[in-house]
Amino acid sequence: MILQWEIEEKTLLNIKKITASVWCMNSLQMRSCHKKLCKDKKEILPGRLGNAFLKKMECISGREAGTSTRIWIQLIQDTDHLLRLIHEYKNTDGKDWIMVLAVLEKRPERYFKTEMGAAFILVLKEKLEAAASEDRQTAHGPTASMDDKKELEETARWLMEDTHRHSAEPKKTKLFIFRECMHKAAVPVLASLSVLFMFIWMRERIASDMDKWSLQQMKASDTGRTDVFAYENQETVAEKEKVRLEKKAGVQSGRQTRPEKLPQYKKLSSEYPQFYGWLQIPDTQIDLPVMRAEEKSDFYLSHDFSGAQSPEGALFVDALSSIYPQDDNTVIYGHNMKNGHVFGTLKRYLDIDFFQDHREIRFDTVYETGIYEAVAVVKTKIRNENEQGFRYYQFYQYSSEEEFRECQDFVEENRIFETDSSLRYGDKILMLSTCEYSQENGRLVIVARKIVKS
């Protein structure tokens, strides 16, 4: 019998939409949203999967702001995994789902990172038990006695038990139940045995299919992303363009063989091929992934890190930014949101006391970690095509002191207050850029220099 998944699909799709909207809310906003969702649960988030999501959301809302981003990423991944699994197996019968269940129960941590996995396994068990009960009624007929039905139900439960779970019931009792049922209900029991033997024969085959399914989840699903395995072995569009520009300018690129990706970012980089790095400013809400669109630089102005449409967008670098070797100057962009999300808290750097207390900025690429020191807060603007002046957002490399001095002079001329630090020739520079509304096309830029590499 084919299992029905309409309710679960509806719930998972709603979870995906909700997650894209609430993952960057503060605790107060999230608690308010959680309360509304609980009120409308039957319509929006029915079933066990909805319960699991609401419970996880309640847990996250109690955390400190900015510390739950990784959990939301895991929730999005698990939701995508479950939707893909249901889509691939929804038209198969219960026998295939029994084998899928066995594989998932054997190694749930391999496929799921949140409580959504455990909830799905319970849902699948309930559906299989209901389907088995309906099949028994059909096969045994409406005139079957109550004793026969009870014995058949005991046999079904015995056959559906996890083969890796030890039961306190003696084996002799199970065999006795089995023999009695063989006498009274030979056809349904033999059918059940056939399923059991088929399970033994196909276990490895299904495990292999699940491995393939797991690998597919490690690939990006958005049309704007490339295959992760191809991405590992090919230059991106941005890097090719950068090499072309370097050759045109007569500059030796000096490209090096890439090192291994940092262990803490391998999984995230595999799930999201456009993942560039991670930015964190202690004591703020800025603890977020940084993305790089490979062709359309402004993609993440209107999409979150997962690729879903979002008015808040995500932190991102220009498509021409090099990830390895890292550019001499890396500019990270983000919206100046009134609610403080994304780069909405950068304006706090306009206060010199806040600047002095939050000079440490942590920024990792997927290949290396780094700690930066904030040296200046700059107000500037995006210049018109024919307007003269230094364009920090087009400054990637410097190959001489003269080129570096252009950037240094720009910082000194536009800083809003004096500090005891400045850029030095040879520095790796980091600029955090967001909108500033005191002038047309205004920009607020936090300028930092790298002080620690590990």
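Residues numbered from 1 in each chain as written. Predicted model: local features only at pLDDT ≥ 70, side-chain atom pairs only at ≥ 80, totals over all residues. Heavy atoms only, no water.

Novice: I'd love a proper account of the pairing of strand 1 (residues 275-280), names of residues and values included.
Specialist: Buried residues dominate strand 1, accounting for 5 of its 6 residues. In the sheet, strand 1 pairs with strand 2 (residues 287-292) via 5 bridges, with the strands oriented antiparallel. Of the residues in strand 2, the one forming a bridge with Leu-279 is Leu-288. Taking the residues that link successive antiparallel strands as the turn, the strand 1-strand 2 hairpin has 6 residues, and the phi of Asp-283 there is positive, at about 70°. In terms of strand pairing, strand 1 meets strand 5 (residues 360-365) through 4 bridges, oriented antiparallel. (Buried < 20%, exposed > 50% of the residue type's maximum accessible area, 1.4 Å probe, protein only. Helix = DSSP H or I, 4+ residues; strand = E, 2+ residues; numbered from the N terminus. Pairing = 2+ DSSP bridges.)

Novice: Tell me about the packing of helix 1 (residues 6-22) against helix 4 (residues 47-61), and please be specific about residues and values.
Specialist: With their axes 9 Å apart at the nearest point, helix 1 and helix 4 run at an angle of 20° to one another. As summarised for this structure, helix 1 and helix 4 are arranged roughly parallel, according to the angle between their axes. Considering the relative orientation of helix 1 and helix 4, their crossing is right-handed. Contacts from Glu-8, Thr-11, Leu-12, Ile-15, Ile-18, Thr-19 and Val-22 of helix 1 reach helix 4 at Leu-49, Gly-50, Phe-53 and Met-57. (Axes fitted to C-alpha atoms, helices over the stretch in contact; angles between N-to-C directions. Parallel < 35°, antiparallel > 145°, perpendicular 65-115°, else oblique. Left-handed = near helix turned anticlockwise from the far one by under 90°. Contact = heavy atoms within 4.5 Å.)

Novice: Quick one: what's the story with the packing of aromatic side chains, residue by residue and with numbers?
Specialist: How two aromatic rings sit relative to each other is set out by the distance from centre to centre and by the angle between their planes. Evaluated as defined, the whole model comprises 23 aromatic pairs. Both rings, one in Phe-363 and one in Tyr-372, keep their centres 6.3 Å apart while their planes meet at 50°; by these two values the pair is tilted. Every member of this aromatic cluster is reached through a ring pair, and the members are Phe-390, Tyr-392, Tyr-393, Phe-395, Tyr-398, Phe-404, Phe-410 and Tyr-425. (Phe/Tyr/Trp six-rings, centres within 6.5 Å; stacked < 30°, edge-to-face > 60°.)

Novice: How would you sum up a negative patch on the surface? Please name residues and give values.
Specialist: Residues Glu-402, Glu-403, Glu-406, Asp-409 and Glu-413 make up a contiguous surface patch of negative charge. Position of Glu-402 among the secondary structure elements: in helix 16 (residues 401-414). On the accessibility criterion, Glu-402 (59% relative accessible area) is exposed. (Patch = residues over 30% accessible without salt bridge, like charges linked within 9 Å, V, L, I, M, F, W, Y side chains within 5 Å. Areas by Shrake-Rupley, 256 points an atom, 1.4 Å probe, with all protein chains shown as cover. Salt bridge = Lys/Arg side-chain N within 4 Å of Asp/Glu carboxyl O. Lys, Arg positive; Asp, Glu negative; His and termini not counted. Charge placed at Lys NZ, Arg CZ, Asp CG, Glu CD.)

Novice: Got a sec to walk through the nonpolar core? Specific residues and values, please.
Specialist: Trp-97, Phe-120, Leu-279, Ile-332, Ile-361, Leu-432 and Val-447 are the most contacted members of the largest nonpolar core, which totals 105 residues. Considering every element that reaches this core, the biggest residue donor is helix 5 (residues 69-89), with 10 residues. If sequence neighbours within four positions are ignored, Leu-432 has contacts with Leu-279, Ile-281, Ile-332, Phe-343, Leu-346, Ile-361, Leu-444, Val-445 and Ile-446. (Core = buried A, V, L, I, M, F, W, Y, C linked by side-chain atoms within 4.5 Å.)

Novice: Any chance you could break down unusual backbone geometry for me, citing the residues and the numbers?
Specialist: For the bond from Tyr-324 to Pro-325, the omega torsion is -5°, close enough to zero to count as cis. Looking at the element boundaries, Pro-325 is found in the loop between strand 3 (315-317) and strand 4 (329-333). Despite not being glycine, Asp-283 has its phi angle at roughly 70°, a positive value. Along the chain, Asp-283 falls in the loop between strand 1 and strand 2. When its relative accessible area of 65% is taken as the criterion, Asp-283 is described as exposed. Its identity as a non-glycine residue notwithstanding, Val-342 has a phi of 55°, on the positive side. The topology assignment puts Val-342 in the loop between strand 4 and helix 15 (352-357). A relative accessible area of 9% places Val-342 in the buried class.

Novice: Describe the side chain of Asp-318, with residues and values.
Specialist: As for its position among the elements, Asp-318 is in the loop between strand 3 and strand 4. By relative accessible area, Asp-318 is classed as buried at 18%. Of note is the side chain of Asp-318, whose polar atom sits 3.2 Å from the side chain of Tyr-396. Not counting residues up to four positions away in its chain, the partners in contact with Asp-318 are Arg-292, Ser-297, Val-331, Tyr-333 and Tyr-396. (Polar contact = N/O pair within 3.5 Å; in protein donor to acceptor, adjacent residues only side chain to side chain.)

Novice: Quick one: what's the story with the packing of helix 2 (residues 27-39) against helix 4, residue by residue and with numbers?
Specialist: Two elements in contact, helix 2 and helix 4, have axes whose closest approach is 9 Å; the angle formed by their N-to-C orientations is 160°. With respect to their mutual orientation, helix 2 and helix 4 come out roughly antiparallel. Where helix 2 crosses over helix 4, the two elements pack in a sense that is left-handed. Across from Ser-27, Met-30, Arg-31, Cys-33, His-34, Leu-37 and Cys-38 in helix 2, the residues of helix 4 making contact are Leu-54, Met-57, Glu-58, Ile-60 and Ser-61. A class-by-class count of the residues in the contact of helix 2 with helix 4 yields 7 nonpolar, 3 polar and 2 charged. (Nonpolar A, V, L, I, M, F, W, Y, C, P; charged D, E, K, R; others polar.)

Novice: I'd love a proper account of the state of the cysteines, names of residues and values included.
Specialist: Throughout the structure, instances matching the rule amount to 0 disulfides. Free cysteine: Cys-33, not disulfide-bonded; nearest cysteine sulfur from Cys-38 at 9.6 Å. (Disulfide = S-S within 2.5 Å.)

Novice: Outline the confidence of the model for the protein chain, listing residues and values.
Specialist: When pLDDT is averaged across the protein chain, the result is 77; 71% of the residues are at 70 or more. Across the protein chain, element-level confidence peaks in strand 4 with a mean pLDDT of 96 and bottoms out in helix 12 (residues 228-233) with 28. Considering only residues more than four positions removed or in separate chains, one finds that residues 204-238, a stretch of pLDDT under 50, has 69 contacts. (pLDDT = per-residue confidence, 0-100.)

Novice: Describe helix 5, listing the residues and the values that go with them.
Specialist: Given a rise of 1.5 Å per residue, 21 residues ought to cover 30 Å, and the 31 Å separating the end C-alpha atoms of helix 5 matches this to within 8%. Across the 21 residues that make up helix 5, a large majority, 15, are buried. (Expected span 1.5 Å × (residues − 1).)

Novice: Before we move on, can you summarise helix 1 with the specific residues and values?
Specialist: A turn of α-helix holds 3.6 residues, and therefore any two residues three or four places apart point the same way. Between its first and last C-alpha, helix 1 extends 24 Å over 17 residues, near the 24 Å set by a 1.5 Å rise per residue. Those residues of helix 1 lying buried are Glu-8, Glu-9, Thr-11, Leu-12, Asn-14, Ile-15, Ile-18, Thr-19, Ala-20 and Val-22.

Novice: Account for the pattern of salt bridges, naming residues and giving values.
Specialist: In the structure shown here, the tally under the stated rule is 20 salt bridges. Note that Glu-105 is salt-bridged to Lys-125, the shortest N-O span being 2.6 Å. With a gap of 20 residues between them, Glu-105 in helix 6 (residues 94-106) and Lys-125 in helix 8 (residues 116-140) connect regions that are remote in the sequence. On the accessibility criterion, Lys-125 (28% relative accessible area) is partly exposed. Glu-368 is the partner of Lys-450 in a salt bridge, and the nearest nitrogen-oxygen pair spans 3.2 Å. With Lys-450 in strand 8 (residues 442-453) and Glu-368 in the loop between strand 5 and strand 6 (370-381), the pair connects residues that are 82 residues apart, well separated along the chain. Residue Lys-450 shares its accessibility class with Glu-368, and that shared class is buried. Residues joined by salt bridges that share partners form a network here, namely Arg-359, Glu-373, Asp-420, Asp-427 and Arg-449.

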